[in-house]
Amino acid sequence: MALITLWRNFCHLADFRVYGTLAALKSRPVNHINKVVRGHLHAWFCSLQPEPFRVVSHAACGKKFHSENGNDLHPLREQAFSQVHNWDRLDQNLNNEDEQMFYSRLNSLTSWEEVLSFISTLEILPDTVAAGALRRLCEVEKGGGDQRLPKEILENSIFQALCFQFEQHPTRLSNTGLVTALQALILLHVERQSSLILNLVAECQNRLQAGVLETSDLCILGETLIRLQGPGCVTLELIIHQLQGKKLETFTPENIVAIYRILQTCAEEVDQHQTFLNMINNFSLSVVSYLSPKSISQILAALVVLDQTQARPLIIKLGKYVVRHIPRFTNEELRKVLEAFRYFGHSDRFFTNALEQRVASHCLSLDPDLVSKVAEYCSRRLILSKPILNAVAETFVCQSEKFSPTQISELIEPFGKLNYLPPNAPAFFRKLENVLFTNFNCFPPKTLLRVLHSCSLIACHPVNFMAKIFSPFFLQQLQGEESYVDRLSLAQLTQLFLTSVLECPFYKGPKLLPKYQVKSFLTPCCSLETPVDFQLYKYVMTALIDLLGGRIYFSSKVLTPYCYTIDVEIKLDEEGFVLPFTANEDVHERIALCIDGPKRFCSNSNHLLGKEAVKQRHLRLLGYQVVQVPYHEMETLKSSLELVEYLQGKLFPQNSPVHW
């Protein structure tokens with residue numbers, strides 16, 4: 001009876017057309033069959049040592065199980081399958097409807113026992129369904145994160161029969177069955193040098209050379225070979241070449257996503273494939289509406305790796321559908337979306353609103369990496385989203401121990417850059433201070449400096465850490481193996497030192513040595529100030545000449561001894577007379593006119609950025625009368641005369657006449 005049971009399990013693969021093999025199995029003793037199967041399994045999964053193969057009699061099982069319709073699944077964890085069919089009736093023609101029914105049933109199964117039990121009930125098992133069963137095994141097992149198959153699967157007779165037939169008769173498999181089986185076995189971590197894998201790979205290469213593989217088969221084979229042999233495999237170039245020869249109209253959305261994943265692994269050779277990529281980018285516009293959230297995130301990630309900045313229409317259209325899928329993205333998928341939008345500089349209010357709802361409603365369930373990426377996205381795009389930043393602050397207060405130093409830096413910097421204090425600011429910065437005290441040495445020097453500098457921008461001064469960052473030991477760490485400290489770090493140190501002098505007079509610790517201080521915060525590569533908007537600057541200059549009576553009565557782009565550059569400086573004497581800009585004596589008051597263009601504010605907002613807010617705060621403490629001239633106020637003026645009157649009202653109170 002054991003011999004009959006094993007033979008019937010092999011006969012389940014009726015659609016493989018292996019009559020010679022089945023005849024050979026009938027004529028061999030059962031012990032020989034066990035040795036053959038077990039020997040092959042040892043080669044396929046050499047990392048595991050299965051126990052001696054055992055075949056369970058159906059007669060024995062029949063006493064324990066009963067099925068009225070012959071299709072009910074048997075209890076889980078049972079190695080034997082009691083359903084018996086007349087395996088001599090082999091139907092090799094399976095219609096699409098039946099095959100789709102099989103796939104639908106497979107996808108509903110959630111354990112390897114259910115998958116193999118379902119396979120055991122089928123009288124007809126096409127190779128595509130058999131390969132699909134292997135792939136489903138992979139899906140349900142990888143869900144638990146295991147890297148190896150459990151011993152129970154390896155010893156299962158149905159699983160052994162599937163693998164045996166795939167190894168012995170790859171030439172009799174359909175194209176889809178062949179590539180799908182290879183894909184599933186690679187994902188199941190089958191030994192790559194086993195005869196099972198080598199035979200399947202060889203047959204795939206033969207059919208590839210013959211040019212008989214369809215688009216879907218090429219996509220599956222391409223991704224499988226990348227996993228098996230790496231992105232540098234020679235065969236991959238042939239696959240891409242054959243894909244280029246296919247008609248785009250025949251590509252499914254799944255094919256498009258797979259092609260992006262394949263090309264993503266060949267990013268170094270993107271120039272060779274750019275023409276093909278342009279075609280794919282344009283065609284993808286027609287399939288965006290059919291893409292799942294996972295597929296959208298994968299395409300966006302590939303576009304980043306491939307640096308497809310010219311695919312702007314595709315990015316915009318993907319962005320529209322991202323908004324619809326925000327609630328359904330996993331944390332990892334949403335992270336890829338954010339990284340892509342940040343890379344391509346894409347943002348819109350609909351996405352921001354959807355992101356606000358997602359983050360605000362799930363803030364405590366988001367993983368730290370996603371929380372930091374959301375905050376970093378807002379920072380890079382200058383988006384002052386109070387719901388997002390409030391949720392980020394709340395998450396950090398509740399789960400600060402989960403964040404790494406880099407994630408903390410990405411999380412804190414937006415508050416300083418966007419000049420925003422959350423409602424729980426006292427608890428937020430107290431928690432940050434505790435984390436820094438506890439893990440001070442875990443923070444890379446530049447990361448720590450960015451965190452402390454961001455705090456100072458919003459007047460949350462890190463007084464307890466100033467002595468440490470001004471110390472020679474920290475400055476040496478900051479320099480690292482380089483011969484000098486980078487310009488941005490020196491500027492941040494200088495501004496922190498200026499903050500300690502102007503805003504923390506009670507600080508009596510070490511000072512920053514002059515050799516580490518910069519002369520100007522306005523530099524082309526790493527500025528702590530925003531250059532003045534040239535068009536606004538010319539507009540205001542003309543009006544000031546009309547107002548003050550001449551260009552001699554004001555100076556522009558003045559570098560102060562305190563590193564800040566003033567857009568326009570006007571000097572007044574003690575009686576309120578305007579002095580020529582060359583005058584150095586009798587100067588009683590200095591007016592610092594800040595011509596604030598759009599780049600000095602948060603995106604789509606009139607909220608001043610942190611670096612501009614601290615500049616104006618420091619100028620006031622240095623004795624300047626700061627007069628802000630924001631672009632959104634000047635935009636309402638309709639004539640030059642109105643601008644002159646507007647500047648007069650800004651520079652001088654109405655009850656004080658202008659003198660020069």
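Scope of this entry: the structure provided in the associated data block. (Residues numbered from 1 in each chain as written. Predicted model: local features only at pLDDT ≥ 70, side-chain atom pairs only at ≥ 80, totals over all residues. Heavy atoms only, no water.)

Moving on: the overall build of the protein. Tallying secondary structure elements over the protein gives 31 helices and five strands in all. The 660 residues of the protein split such that 54% are buried. Long-range contacts, defined as pairs at least 24 residues apart, comprise 73% of the intrachain contacts of the protein with a sequence gap of at least 6. (Helix = DSSP H or I, 4+ residues; strand = E, 2+ residues; numbered from the N terminus. Buried < 20%, exposed > 50% of the residue type's maximum accessible area, 1.4 Å probe, protein only. Contact = heavy atoms within 4.5 Å.)

One can find Cys204 in helix α11 (residues 195–210). Beyond its immediate stretch of four places on either side in the chain, Cys204 contacts Leu178, Val179, Leu182, Leu213 and Leu221.

With that settled, consider the packing of aromatic side chains. Under the definition given, this model contains 13 aromatic pairs. Ring plane angle 75° and centroid distance 4.9 Å describe the contact between Phe341 and Phe351, whose orientation is recorded as edge-to-face. Of this pair, Phe341 sits in helix α18 (residues 331–344) while Phe351 sits in helix α19 (residues 349–362); the two residues are ten residues apart in sequence, bridging distant segments of the chain. Classification of Phe351 by relative accessible area gives buried; the value is 0%. Ring centres 6.1 Å apart and planes at 0° place the aromatic pair Phe440 and Phe465 in the stacked group. Placement of the pair is Phe440 in the loop between α23 (425–438) and α24 (445–457) and Phe465 in helix α25 (residues 463–469), with a sequence separation of 25 residues. The rings of Phe396, Phe403, Phe415, Phe428 and Phe429 are connected pair by pair, giving a single aromatic cluster. Positioned above the aromatic ring of Tyr321, the side-chain terminus of Arg324 is 4.3 Å from the ring centre. Here the guanidinium or amino end of Lys468 rests over the ring plane of Phe440, the centre of that ring lying 4.4 Å away. (Phe/Tyr/Trp six-rings, centres within 6.5 Å; stacked < 30°, edge-to-face > 60°. Lys NZ or Arg CZ within 6 Å of the ring centre and 35° of its normal.)

So, on to the pattern of salt bridges. Here the idea is simple: oppositely charged side chains can pair when their charged atoms come close. This structure, assessed with the given rule, holds 19 salt bridges. Its salt-bridge partner being Lys373, residue Asp369 comes within 3.4 Å of it at the nearest N-O pair. Here Asp369 pairs with Lys373, and both are found in helix α20 (residues 368–380), just four residues apart, close to one helical turn. The salt bridge involving Arg380 is made with Glu376; its shortest N-O contact spans 3.5 Å. (Salt bridge = Lys/Arg side-chain N within 4 Å of Asp/Glu carboxyl O.)

In this section: the side chain of Gln183. Looking at the secondary structure, you find Gln183 in helix α10 (residues 175–187). With a relative accessible area of 16%, Gln183 lands in the buried category. Ignoring sequence-local partners within four residues, the contact set of Gln183 consists of Arg135, Ile220 and Thr224.

We now examine the pairing of strand β2 (residues 565–572). Within β2, eight of the eight residues are buried, leaving the element largely enclosed by the surrounding structure. In the sheet, strand β1 (residues 555–559) pairs with β2 via four bridges, with the strands oriented antiparallel. Within β2, the residue paired with Val558 across the bridge is Ile566. Note that β2 and strand β4 (residues 589–596) share five bridges and pair antiparallel. (Pairing = 2+ DSSP bridges.)

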